[in-house]
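Topology and contacts: notes
So the chains spell out like this:
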Amino acid sequence: MEALRVVVTILYCLVCLALIVVVLMQEGKAAGLSGAISGLAETYWGKNKGRSIEGVLSKVTIALSVIFVIGSVVLNLKW
């Protein structure tokens, strides 16, 4: 059982590092807000943000965050 805990801890650390990298790769929201106010949100990239790199990074961030929370709960169980 202790070996499983070590494996889960190592995977948890890798998820933590990946989450840090993905969050730092994202663009700031301040640039998007000024574009939305001036009317630039109706461009191709504004309409298809889910298919762009920023959209993919956003989805990966959500997935890694869910894995992070589940990993936190699993590691705090009394094995």
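Residues numbered from 1 in each chain as written. Predicted model: local features only at pLDDT ≥ 70, side-chain atom pairs only at ≥ 80, totals over all residues. Heavy atoms only, no water.

1. Quick word on the nonpolar core
Most often, soluble globular proteins keep nonpolar side chains buried together rather than apart. If you look at the biggest cluster of nonpolar residues, it comprises five residues: Val-15, Leu-19, Val-22, Leu-57 and Leu-64. The element best represented in this core is helix α1 (residues 2-25), accounting for three residues. Discounting residues that sit within four places of it in the chain, Leu-64 has contacts with Val-15, Ala-18, Leu-19 and Val-22. (Core = buried A, V, L, I, M, F, W, Y, C linked by side-chain atoms within 4.5 Å. Buried < 20%, exposed > 50% of the residue type's maximum accessible area, 1.4 Å probe, protein only. Helix = DSSP H or I, 4+ residues; strand = E, 2+ residues; numbered from the N terminus. Contact = heavy atoms within 4.5 Å.)

2. Side note on the packing of aromatic side chains
Inspection of the entire model under this criterion finds one aromatic pair. For the pair Tyr-12 and Phe-68, a centre-to-centre distance of 5.3 Å together with 15° between the ring planes defines the contact as stacked. With a gap of 56 residues between them, Tyr-12 in helix α1 and Phe-68 in helix α4 (residues 53-75) connect regions that are remote in the sequence. With relative accessibility at 29%, the residue Phe-68 sits in the partly exposed group. (Phe/Tyr/Trp six-rings, centres within 6.5 Å; stacked < 30°, edge-to-face > 60°.)

3. What to know about the confidence of the model for the chain
With 72% of its residues at a pLDDT of at least 70, the chain reaches an overall mean of 83. Ranking the elements of the chain by mean pLDDT puts helix α3 (residues 44-47) last with 58 and α1 first with 95. (pLDDT = per-residue confidence, 0-100.)

4. Some points on α4
The terminal C-alpha atoms of α4, which comprises 23 residues, lie 32 Å apart, in line with the 33 Å expected from a rise of 1.5 Å per residue. In this structure, the buried residues of α4 make contact with α1. (Expected span 1.5 Å × (residues − 1).)

5. A look at a nonpolar patch on the surface
A contiguous nonpolar surface patch, about 800 Å² in accessible area, is contributed by Val-6, Val-7, Ile-10, Leu-11, Leu-14, Leu-17, Ile-20 and Leu-24. Structurally, Val-7 can be placed in helix α1. Take Val-7: its relative accessible area is 44%, and that puts it in the partly exposed class. (Patch = residues over 30% accessible without salt bridge, like charges linked within 9 Å, V, L, I, M, F, W, Y side chains within 5 Å. Areas by Shrake-Rupley, 256 points an atom, 1.4 Å probe, with all protein chains shown as cover. Salt bridge = Lys/Arg side-chain N within 4 Å of Asp/Glu carboxyl O.)

6. Digging into the packing of α1 against α4
Where α1 meets α4, the closest approach of the two axes is 9 Å, and the angle between their N-to-C directions is 150°. As summarised for this structure, α1 and α4 are arranged roughly antiparallel, according to the angle between their axes. Considering only the axes of α1 and α4, their crossing is left-handed. The residues of α4 that touch α1, namely those facing Arg-5, Val-8, Thr-9, Tyr-12, Val-15, Cys-16, Ala-18, Leu-19, Val-22, Val-23 and Met-25, are Leu-57, Val-60, Thr-61, Leu-64, Ser-65, Ile-67, Phe-68, Gly-71, Ser-72, Val-74 and Leu-75. Grouping the amino acids of the contact of α1 with α4 by side-chain chemistry returns 16 nonpolar, five polar and one charged. (Axes fitted to C-alpha atoms, helices over the stretch in contact; angles between N-to-C directions. Parallel < 35°, antiparallel > 145°, perpendicular 65-115°, else oblique. Left-handed = near helix turned anticlockwise from the far one by under 90°. Nonpolar A, V, L, I, M, F, W, Y, C, P; charged D, E, K, R; others polar.)

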